[in-house]
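What follows is the residue order along each chain.
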There are 2 protein chains.
Amino acid sequence: MSEFDLIRDYFRHATPARGDVLLGIGDDGALLQVPEGKQLAMSMDTLLVGRHFLSDVDPLTLGHKALAVNLSDLAAMGAQPAWAMLGISLPEDNQYWRAWLKSFMQGFAELAKQHEVQLVGGDTTRGDLSISIQVTGFVEPDKALRRDAAQVGDVVYVSGQIGDAALALLLENADAQERLDKPTPRLGLGQALAGVAHAAIDVSDGLLSDLQHICQASGVAACIHLENTPTPTRVKNYIQATANWQAVINGGDDYELLFTAPVLAQQTIKQIAQQQGIAVQAIGHIQQGSGVKIIMPDGQISEEVSSGYDHFK
Amino acid sequence: MSEFDLIRDYFRHATPARGDVLLGIGDDGALLQVPEGKQLAMSMDTLLVGRHFLSDVDPLTLGHKALAVNLSDLAAMGAQPAWAMLGISLPEDNQYWRAWLKSFMQGFAELAKQHEVQLVGGDTTRGDLSISIQVTGFVEPDKALRRDAAQVGDVVYVSGQIGDAALALLLENADAQERLDKPTPRLGLGQALAGVAHAAIDVSDGLLSDLQHICQASGVAACIHLENTPTPTRVKNYIQATANWQAVINGGDDYELLFTAPVLAQQTIKQIAQQQGIAVQAIGHIQQGSGVKIIMPDGQISEEVSSGYDHFK
């Protein structure tokens, strides 16, 4: 198997063929046509064996997740995804790794098809298993969702439910594991919120840590009611049994959208949530100052925000 | 040092601030404005320790080279570079690796400044040293240089000189080593050739292998005269002493431009070369058929083309 066979067999026709891809995999680079009047949103994430996933991870699941975490970044910008580039290194060229790559690309392609994303290039090398994915999407001018746009008085919302990904690492639960393994990038919701919400971020480091990122970037504070945070019953049970709410509420890897919007947009956001078929819950609001205050179910205020996941801490 | 400190200290202001970057490092993604009427060229390359470079490599040199090999891909498309994304993993968070990263970014930034490239995002993780870089550039519609556009009757040209990078691995020579360590992406030449040349590729796998890539993609054959290949005297001396011409002529890592153009463009190409201050040498021509024929100095024809560098062979 040469690098070129790999490209031909697994990559070139794995994903949907888009009309705006003038030249895809196989040249020095890809040639791409940007729709008139659109701006670009770009993001890039690296996943390393032993750090972001275990060596015995199901490659089908990993293929989904590697693309999903990147598309989640585009969702948090309110962008419509278009193109992906994949840098992948594999330890060996043998039957095992060919089968592995085939499964990986199957998981990648299934998600790519759902969102009409075309793989347009990348690089294949031999080395410890690692995956870098770069994605590009389109946004309407001045409508992108940014971290630095939260305003005092905004309501803080979160989509879906929080805590399953962290719970899956704490105890065995098939449903929670499924949420950890196969996160759903909230692309439709993010696009619908573009031009409506003020600030947004995807919940990867942890709900409180990511809210803190919005506050820092925007120069504001936030106050949220812990009991308003939407969690599955299994997560509620875990908190009740252990009182360790931070581990699941701020565990990260949820890939839900955390966003702020003016009070007047409340009705519009309710409609968007219904149209998208995704629960959206108001959990607090934006204030003057800095930091994230958490109002506990007993009414006490906790200002303790753990730092969430940080690769260099 | 948290991941966020790293970003702030070394990445955010390391490279030129471009007017078309609406939002750079620090959000879920970058927001970018494409100039009206331009198409995009995108490329991505991964460099791994122990495979593409040694662990004791000078980080300043590596920072230059990692960006240079990516910009070389854009040069081969005839594109004007604009934005880069960097995924980097570092083994430890300590004084040594902070200093290492600072030097790496200095080498990266020096080259970025020369070509007005802004680093707009990426990802920092902890793991075995590895570097993935994605670059985006602009091309005029229908003027990009592609591998599949060579036509029968085209003259085959190569820029600069071939063989130093391979020679540096075979024997100690400071000048050859400099060419291996700090390749010059031929961006000005590539942009000037856009709309003039037919097909182009950058010489990374090896002169003959890369010519073979053009031939395969274009459905044509090539015939080149070995003695026309421009080489420094030290490379000529090595060939004379060892007769091992393939090792240096097809050694790869030269990052010169190999391109084909119609006979009628000969004068224009001469002018472009003069304007760019880069030697451009005609080394052969494109024929019907397939494969690369090499005419040896004694007039004999060799059809032997070694496969060049292939990560999975």
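We now turn to the structure provided with this report. Given the structure is predicted, the values throughout are model-derived calculations rather than measurements. (Residues numbered from 1 in each chain as written. Chains lettered and ligands numbered in written order. Predicted model: local features only at pLDDT ≥ 70, side-chain atom pairs only at ≥ 80, totals over all residues. Heavy atoms only, no water.)

Helix and strand counts for chain A stand at ten helices and 13 strands. For 313 residues, the compact-globule formula gives about 20 Å, and the C-alpha radius of gyration of chain A, at 20 Å, lands near that figure. If you line up chain A on its principal axes, its C-alpha atoms span 65 × 45 × 35 Å. Looking at chain A as a whole, 58% of its 313 residues qualify as buried. Pairs at least 24 apart in sequence give 85% of the contacts found in chain A among residues at least 6 apart. Of the roughly 12,300 Å² of accessible surface on chain A, 45% is carried by carbon and sulfur atoms. Across chain A, 21 positive and 37 negative side-chain charges occur, with their mean positions spaced 3 Å apart. (Helix = DSSP H or I, 4+ residues; strand = E, 2+ residues; numbered from the N terminus. Rg over C-alpha atoms; globule rule 2.2 N^0.38 Å. Buried < 20%, exposed > 50% of the residue type's maximum accessible area, 1.4 Å probe, protein only. Contact = heavy atoms within 4.5 Å. Areas by Shrake-Rupley, 256 points an atom, 1.4 Å probe, with all protein chains shown as cover. Lys, Arg positive; Asp, Glu negative; His and termini not counted. Charge placed at Lys NZ, Arg CZ, Asp CG, Glu CD.)

Between two packed helices, what matters for the description is the angle formed by their axes and the separation of those axes. All names here are of chain A. Their axes nearest at 6 Å, the elements helix α2 (residues 59-77) and helix α3 (residues 95-114) cross at an angle of 40°. Judged on the interaxial angle alone, α3 and α2 are oblique. In the packing of α2 onto α3, the handedness of the crossing is right-handed. Touching P59, L60, L62, G63, H64, A66, L67, A68 and L71 of α2 are W100, S103, F104, Q106, G107, F108, L111 and A112, all from α3. (Axes fitted to C-alpha atoms, helices over the stretch in contact; angles between N-to-C directions. Parallel < 35°, antiparallel > 145°, perpendicular 65-115°, else oblique. Left-handed = near helix turned anticlockwise from the far one by under 90°.)

Reading across from one edge, β5(A)-β4(A)-β6(A)-β3(A)-β2(B)-β1(B) is the order of the six strands in this open sheet, with mixed pairing throughout. The sheet is open, and its two borders are formed by β5 (118-126) of chain A together with β1 (21-23) of chain B, each paired with just one other strand. Sheet twist, expressed as the average angle between the axes of neighbouring strands with direction ignored, equals 20°. The pairing of strand β3 (residues 39-48) of chain A with strand β6 (residues 130-139) of chain A spans ten bridges and is antiparallel. Directly across from A:S43, in β6(A), lies its bridge partner A:V135. Of the strands in this sheet, β3, β4 (80-90) and β6 of chain A together with β1 and β2 (30-32) of chain B touch α2(A), which is tilted by about 35° from β6(A). The sheet contacts of α3(A) involve β4, β5 and β6 of chain A, and relative to β4(A) the element is tilted by about 165°. (Pairing = 2+ DSSP bridges.)

A few words on the interface of chain B and chain A. Tallying the contact residues gives 64 residues for chain B and 62 residues for chain A. Carbon and sulfur atoms supply 57% of the area that chain B and chain A bury against each other, a total of about 5,200 Å² over both sides. At the surface where chain B touches chain A, the tally comes to four salt bridges. A salt bridge links A:D28 to B:R147; its shortest N-O distance comes to 3.2 Å. Applying the counting rule to chain B against chain A returns 19 residue pairs in polar contact (both at pLDDT 80 or more). Ranked by residue count, the leading element in the side of chain B that touches chain A is strand β3 (residues 39-48) of chain B, at nine residues. (Buried area = accessible area lost by both parts, 1.4 Å probe. Salt bridge = Lys/Arg side-chain N within 4 Å of Asp/Glu carboxyl O. Polar contact = N/O pair within 3.5 Å; in protein donor to acceptor, adjacent residues only side chain to side chain.)

Residue and element names in this part refer to chain B. Not every positive phi belongs to a glycine, and D142 is a case in point at roughly 65°. The backbone of A243 shows a phi angle near 65°, a positive value even though the residue is not glycine. Positionally, A243 belongs in the loop between α8 (233-242) and α9 (245-249). A relative accessible area of 58% means that A243 is categorised as exposed.

To continue, consider the relation of the copies chain B and chain A. Each of the two chain copies goes to the other by way of a rotation about an axis and a shift along it. Once turned by 180° and shifted 0.0 Å along the axis, chain B lies on chain A with an RMSD of 0.0 Å. The relationship between the two copies is best expressed as a two-fold rotation axis. Counting the interface residues of chain B, we find that 97% of their copies in chain A are interface residues as well, pointing to one common contact surface. (Least-squares fit on C-alpha atoms with pLDDT ≥ 70 in both.)

This next bit is on the state of the cysteines. Under the definition given, this model contains zero disulfides over all chains. Here A:C223 is not cross-linked by a disulfide; its sulfur's nearest cysteine counterpart is in A:C215, at 10 Å. (Disulfide = S-S within 2.5 Å.)

In terms of nonpolar packing, the biggest core is built from 55 residues, with A:F104, A:M105 and A:I131 touching the most fellow members. If we skip the residues at most four places from it in the chain, A:F104 touches A:P59, A:L60, A:L62, A:G63, A:A66, A:L86, A:I88 and A:I131. Judged by nonpolar contacts, the second largest core, of 54 residues, contains B:I25, B:L74, B:L101 and B:M105. (Core = buried A, V, L, I, M, F, W, Y, C linked by side-chain atoms within 4.5 Å.)

When we look at a pair of aromatic rings, we describe it by the centre distance and by the angle of the planes. Residue and element names in this part refer to chain B. Inspection of the entire model under this criterion finds twelve aromatic pairs over all chains. Considering the side-chain rings of Y96 and W97, the 5.0 Å spacing of their centres and the 90° angle between planes classify their relative orientation as edge-to-face. For W97, a relative accessible area of 11% puts it in the buried group. Seen from their ring centres, W100 and F104 are 5.5 Å apart, and the 10° between their planes marks the pair as stacked. Linking W100 with F104, this pair stays in helix α3 (residues 95-114), spanning four residues, or about one helical turn. A relative accessible area of 0% means that F104 is categorised as buried. (Phe/Tyr/Trp six-rings, centres within 6.5 Å; stacked < 30°, edge-to-face > 60°.)

The next subject is α3(A). Residues and elements named next belong to chain A. An ideal rise of 1.5 Å per residue puts 28 Å on 20 residues; α3 measures up with 29 Å between its terminal C-alpha atoms. Of the residues making up α3, those classed as buried are W97, W100, L101, F104, M105, G107, F108, A109, L111 and A112. One or two residues past the end of α3 sits E116, with phi positive at roughly 50°. (Expected span 1.5 Å × (residues − 1).)

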